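As a plain string of letters, each chain reads:
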Amino acid sequence: MAKKLNFKLRSGIHDDIPLYKKRADIAGLLMLLAIAILFSRLYFLQVISHEKYKAKAENNRIRSFRVQAARGNIYDRFGRIMAGTKPYYNVCILRQEVQNMETLLARLVPLLGQDEIELRLRLQEASRNQPLYEPIVIERAIEWEKLCVIEAQLHNLPGVVIDVVPGRAYPDENIAPHLLGYLGEITDSQLGLPNYTKAVKGDMVGQSGVEAVLNDSLSGEAGKKVVEVNVVGGMERVMEYVPPKPGNDVYLTIDMELQKAAEDALMDKVGAVVAIEPDTGRILAMASSPKFEPEVFAKRISPEEWKKLNDPVYKPLFNRPLQGAYPPGSTFKTVLALAALQEGISDANTSYFCNGSFPFGSRVFRCWNERGHGQTSLYRSLVESCDVYYYHTGLRLGIDRISKYGRLWGLGEKTGIDLPNENPGIIPSKEWKKARFKDKWHEGETVSVSIGQGYVTMTPLQMAFFYAAVANGGRLFKPNFVEKVASADRLWEKSFKPELLRTIDIAPAKLELVKNALTGVVQDPRGTAHKIRIEGINMAGKTGTAQVVKQAVRKQDEKMAWKYRDHAWFVCYAPAENPQISVSVLIEHGGHGGSAAAPVAKKVVEKWQELQTPLPNIKYERLT
Amino acid sequence: MAMFNFDRKILLHMDWWLVFSLLMIMGIGTTNLYSASIASGQSFYLKQLLWYLVGLAAAGALMFFDYRNLASLRFLILGAIIIALGLVLVIGKTAGGAQRWIPLGPFHFQPSEFAKLTFVVLLAQHFAKKEETAFGYKGILQPLFLVSVPFLLIFKQPDLGTSGLLLIIVGSIILFAGLKWSVVATLAVGGLSLMPVLWKYMKPYQKKRIEIFLNPELDLKGAGYHVTQSKIAVGSGHIWGNGFMQGTQGQLSFLPESHTDFAFSLWSEEWGLAGCIVLLCLYLVLFSRGLAIASRTKDRLGAFLAFGVTAMIFWQVMINASMVLGIFPVVGIPFPLISYGGSSVVTTLLGIGLLLSVDARRSIVKR
């Protein structure tokens with residue numbers, strides 16, 4: 001009994017067990033209900049939302065990388081390489097592999113020699129826009145010496161990767177940088193523009209010249225590498241690889257030898273040279289001085305370099321042949337001579353007396369020859385560049401007829417060359433002045449314009465095409481600098497044919513009068529450019545000396561500060577009887593056209609002459 | 001009365017459905033951990049197998065142990081768990097802002113896991129002594145006082161997940177023991193009004209977890225990452241799953257903790273809805289057997305023990321699965337027998353052992 005009681009105390013036995021059975025049944029039902037909730041949730045996630053989560057899972061593990069295409073080469077007309085490709089080594093930071101950014105930067109900054117604050121800013125800016133697994137470029141086109149140091153330290157720099165990308169190589173040291181242009185990282189505002197349809201953020205694209213204009217063709221199409229990665233971004237396997245399509249090669253109309261001669265002739269001068277084929281409008285050489293190094297843009301530009309590139313006086317980035325408009329000076333007289341002939345105002349025998357000055361209104365305009373040219377005909381007016389002759393001619397023509405013929409010969413409007421920021425120059429008219437200054441035209445201004453002063457300005461490119469039209473019988477061409485574009489495998493090619501803008505209607509006899517006089521400029525002993533004549537070839541041309549400051553304050557040229565000196569022009573074509581080349585030369589603040597510009601043109605024509613001997617057979621060779 | 005009783009009848013009367021579901025679940029656990037091991041390059045499944053064996057041996061021993069003797073051992077058990085939890089606070093390993101483990105050679109002993117079963121035993125013991133079938137406030141306060149010391153020690157680690165789970169288990173047993181309706185109603189109202197106070201005393205990381213749970217997109221890279229990746233893993237499983245060791249989330253390590261807290265997520269990814277239904281149905285069998293044992297025993301203590309053990313396993317399954325499926329905040333509650341972890345495995349199997357011990361004596365107990 002006691003045992004039984006004791007037992008009952010320790011572990012009470014009751015008749016209420018059925019009650020607990022009921023409670024257990026309720027609990028079982030609730031558990032079933034709870035598990036049912038889990039089932040419905042599972043059904044929702046695994047069946048209803050399956051597509052969404054499957055896509056997210058794929059997104060997690062699959063990453064697509066762009067594979068940069070090799071940029072096309074740029075050749076001259078004979079297939080000589082002007083801009084090739086070579087590997088550039090970019091130092092990048094792959095954030096997902098960085099263990100400690102502060103430690104890394106502390107080690108990396110001294111190796112790179114970069115400004116730390118600037119580097120941090122770049123990193124921060126890129127961090128906002130790029131996913132973790134995408135390397136951020138912190139130094140482009142690193143020098144070989146630095147690369148070696150960093151490579152050796154890579155084990156100490158977790159998260160730093162060296163990216164190899166195709167970059168530009170210039171086999172011939174720095175040739176035609178203005179025409180070829182330079183590469184730089186695409187800017188936000190360029191994204192999606194017509195020339196950059198295939199470019200994405202971080203790409204190196206053409207920023208000027210041929211590189212910019214033909215960017216889409218040169219850049220090729222980036223390939224794609226699809227890889228499976230794990231959670232830390234490590235690559236598990238390559239799932240898909242689409243090789244990049246290399247860019248097209250571009251053949252320019254440029255003759256590299258001639259280009260080099262032009263650039264050499266411009267050495268230490270500020271100015272421009274344009275050499276073209278008068279019969280086709282092909283540009284053989286187009287040089288601007290001072291030059292710049294296109295390679296510096298592939299790297300980070302230091303503030304000093306940037307300051308140098310943007311020097312307000314020398315403006316190395318300025319493509320003078322087409323962006324610089326200068327008063328044409330006496331080279332403009334050809335426009336008046338042609339206009340007067342075409343209008344019937346003068347003929348071969350029309351002459352004016354020049355005593356060295358020309359009083360007009362309250363002013364006295366002078367001829368450059370203070371002693372005067374005496375009785376001067378059309379021929380002598382051009383050969384000896386008589387100003388007074390053109391004061392008379394200009395006044396008889398009037399500004400609107402000067403303007404009409406100037407425009408007819410392609411001046412005062414863009415030549416239509418397919419390069420950005422072409423300057424149209426100015427051919428003034430009454431209407432132009434009213435629109436521009438809300439003022440009426442004064443006759444005295446016509447006198448200035450008659451000798452290429454005053455409002456009138458022209459670019460060296462316009463000058464070359466104008467004189468080429470004179471040389472070729474009145475045919476005005478659109479400038480062309482691309483000979484052909486070809487795919488890397490040469491299975492596709494596109495050639496560019498000369499484009500004739502218009503033929504100027506002028507009696508051949510009248511044109512011949514002008515051409516004869518222009519030949520006299522060089523060949524006649526009294527010609528202003530007689531000094532630069534070349535044995536064995538007749539040249540035709542015209543000198544020009546354009547004032548930068550008013551006559552009243554002028555002194556002897558050599559005694560003036562550089563920036564007040566005259567601009568020197570010389571335009572010519574050769575051979576005079578059967579023109580094959582037309583050259584225009586401008587030397588900023590060079591002084592007299594005959595002594596400063598003409599010798600430059602002479603060097604170019606001489607080189608051209610030399611090149612006429614049969615070319616050695618140069619074998620085609622693709623550099624990369 | 002002997003503590004151990006090696007009666008052959010005990011084996012004969014074993015609930016084979018319970019044993020079957022248990023073995024199947026352990027099979028799934030091993031398979032799943034094998035996949036997680038390959039993904040992480042660590043042999044979790046082998047260690048887990050070892051813990052299964054240890055647990056099964058302990059459960060087998062418990063089966064032959066007369067559970068009624070627990071009454072005399074209750075202070076020993078309470079004392080042991082208090083000492084263990086106290087040790088955690090003194091020499092415990094810190095992980096994720098909380099101290100939970102005692103390093104024991106190559107293993108990490110987690111006393112808070114054992115506390116779950118301890119609470120079940122203590123409460124069952126407490127209520128078995130009483131005669132009422134519906135308690136008032138005293139019925140709540142007395143058992144709470146009984147377990148207050150170990151509870152506070154766990155709360156202080158801090159292990160909010162386990163503390164919460166313990167309260168839920170305690171609550172379940174109290175409800176099973178019976179409460180007056182008036183008390184239930186008052187508590188429901190009071191509990192709701194206490195929530196803001198609880199919020200105030202939570203640690204920042206705990207608050208963050210709840211905030212992120214309510215809106216995982218708040219923090220895709222941080223705390224929301226776990227849930228987001230888990231949902232992706234589960235969702236990509238579809239009906240038949242991606243296949244054994246074929247789940248990209250788990251195999252490429254996008255799924256965090258795929259061997260512990262998110263092991264069920266890995267199972268869902270690789271075996272799909274079908275695999276989940278099989279696993280959860282096996283658990284349903286286990287629960288129903290547990291409740292059946294609670295129902296058919298003639299002993300009040302046995303009923304409370306069986307119910308308590310079943311509730312302990314059920315709530316862990318429910319909370320872990322809900323968390324993995326993104327319908328409950330991320331708390332450190334393992335999926336019993338599926339998540340890797342010796343303490344959890346042994347605790348669960350000890351519970352099963354108790355179930356079998358109760359069941360073996362369902363007819364032995366004399367009226």
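In what follows, the structure referred to is the one given above.
Residues numbered from 1 in each chain as written. Chains lettered and ligands numbered in written order. Predicted model: local features only at pLDDT ≥ 70, side-chain atom pairs only at ≥ 80, totals over all residues.

Enquirer: Looking at this structure, I do not really get the overall build of chain B. What am I missing?
Expert: Helix and strand counts for chain B come out as 15 helices and three strands. Relative to its full complement of 367 residues, chain B shows a buried share of 51%. Within chain B, counting contacts between residues at least 6 apart in sequence, those at least 24 apart form 73% of the total. (Helix = DSSP H or I, 4+ residues; strand = E, 2+ residues; numbered from the N terminus. Buried ≥ 20, exposed ≤ 12 C-beta atoms within 10 Å, placed from the backbone. Contact = placed C-beta atoms within 7 Å.)

Enquirer: For this particular structure, what's the right way to read the interface of chain A and chain B?
Expert: The accessible area lost on association of the parts is a frequent measure of interface size. Listed as interface residues are 38 residues of chain A and, on the opposing side, 45 residues of chain B. Looking at the side of chain A that touches chain B, the elements that each hand over two or more residues are α2 (17–48) and α3 (50–61) of chain A. Sorting elements by how many residues they give to the side of chain A that touches chain B places α2 of chain A first, with 20 residues. Here the side of chain A that touches chain B is built from residues that sort into 19 nonpolar, nine polar and 10 charged. (Nonpolar A, V, L, I, M, F, W, Y, C, P; charged D, E, K, R; others polar.)

Enquirer: I keep staring at the pairing of strand β15 (residues 363–366) of chain A and nothing clicks. Help me out?
Expert: Consecutive residues of a regular strand have side chains that alternate between opposite faces of the sheet. Residues and elements named next belong to chain A. Where strand β14 (residues 357–360) meets β15, four bridges bridge the pair, whose relative direction is antiparallel. Bridge pairing links Ser357 to Arg366 in β15. Connecting the antiparallel pair β14 and β15 is a turn made up of two residues, with Gly361 showing a positive phi of about 60 degrees. (Pairing = 2+ DSSP bridges.)

Enquirer: Would you take a moment to explain unusual backbone geometry for this structure?
Expert: Peptide bonds are, in most cases, trans, and in most cases residues other than glycine have a negative phi. A cis amide bond, omega 0 degrees, links Ser289 of chain A with the succeeding residue Pro290 of chain A. Examined against the element boundaries, Pro290 of chain A turns out to sit in the loop between β12 (283–289) and α11 (303–309). The omega angle of the peptide bond from Gln157 of chain B to Pro158 of chain B is 0 degrees, so this bond is cis rather than trans. Mapped onto the elements, Pro158 of chain B comes out in the loop between α7 (148–156) and α8 (160–177). The residue Arg490 of chain A is not glycine, and still its phi comes out positive at about 65 degrees. Looking at where Arg490 of chain A falls in the secondary structure, it is placed in the loop between β18 (482–486) and β19 (493–495). Under the C-beta neighbour-count criterion, Arg490 of chain A is labelled exposed, with 10 such atoms within 10 Å. Phi at His238 of chain B is positive, roughly 55 degrees, even though this residue is not glycine. Since 20 C-beta atoms lie within 10 Å of it, His238 of chain B is described here as buried.

Enquirer: Would you take a moment to explain helix α15 (residues 342–360) of chain B for this structure?
Expert: The periodicity of an α-helix, 3.6 residues per turn, causes residues three or four positions apart to be oriented the same way. Its 19 residues place the ends of α15 of chain B 26 Å apart at the C-alpha level, agreeing with the 27 Å of an ideal helix rising 1.5 Å per residue. By the criterion of burial, α15 of chain B is predominantly enclosed, with 19 of the 19 residues buried. (Expected span 1.5 Å × (residues − 1).)

Enquirer: Help me understand the pairing of strand β10 (residues 249–252) of chain A in this model?
Expert: Residue and element names in this part refer to chain A. Burial along β10 is two-sided: the face carrying Asp249 and Tyr251 and the face carrying Val250 and Leu252 are both buried. Examined bridge by bridge, strand β2 (residues 74–75) and β10 share two bridges and lie parallel to one another. Note that in β10 the partner of Tyr75 across the bridge is Tyr251. The sheet contact formed by β10 and β18 spans four bridges and is antiparallel. From the neighbouring strand, Asp249 faces β18, where its bridge partner is Ala486.

Enquirer: Could you clarify how one ought to interpret the sheet that holds strand β21 (residues 540–546) of chain A in this entry?
Expert: Paired through backbone hydrogen bonds, the strands of a sheet run either parallel or antiparallel to each other. Residues and elements named next belong to chain A. Taken in spatial order, the five strands line up as β12-β11-β23-β22-β21 in an open sheet, and their pairing is antiparallel. Because the sheet does not close on itself, it has two edges, and the strands there are β12 and β21. Between one strand axis and the next, the sheet turns by 5 degrees as a mean value, whatever way the strands run. Across seven bridges, β21 lies against strand β22 (residues 567–574) in antiparallel orientation. Its bridge partner being in β22, Ala540 is matched across the sheet by Tyr573. Against the sheet, helix α10 (residues 256–265) touches β11 (271–276) and β12, its axis set at about 25 degrees to β12. Seen against the sheet, helix α19 (residues 460–471) touches β11, β22 and β23 (581–587) and runs at an angle of roughly 145 degrees to β23. (Axes fitted to C-alpha atoms, helices over the stretch in contact; angles between N-to-C directions.)

Enquirer: Looking at this structure, how should I read the environment of Ile210 of chain B?
Expert: All names here are of chain B. You can see Ile210 is positioned in helix α10 (residues 204–214). Assessed through the 15 C-beta atoms surrounding it within 10 Å, Ile210 is described here as partly exposed. Taking C-alpha positions, Ile210 is 9.9 Å from Trp199, a pair spaced 11 residues apart along the chain.

Enquirer: When you look at the nonpolar core in this model, what are you seeing that I'm missing?
Expert: When a protein is soluble and globular, its nonpolar side chains tend to lie buried together. Counting residues in each nonpolar core, the largest one holds 121 residues, and the members touching the most others are Val273, Ala275, Cys572, Ala597 and Val604 of chain A. Looking at which element gives the most residues to this core, the answer is α19 of chain A, with 10 residues. The contact partners of Cys572 of chain A, leaving out residues within four places of it in the chain, are Val522, Met539, Ala540, Gly541, Val583, Ala601 and Val605 of chain A. Among the nonpolar cores identified, the runner-up in size contains 112 residues, and Leu18, Met63, Val234 and Tyr283 of chain B belong to it. (Core = buried A, V, L, I, M, F, W, Y, C linked by C-beta atoms within 7 Å.)

Note that every value here comes from positions in space, so none of it alone points to a role or purpose.
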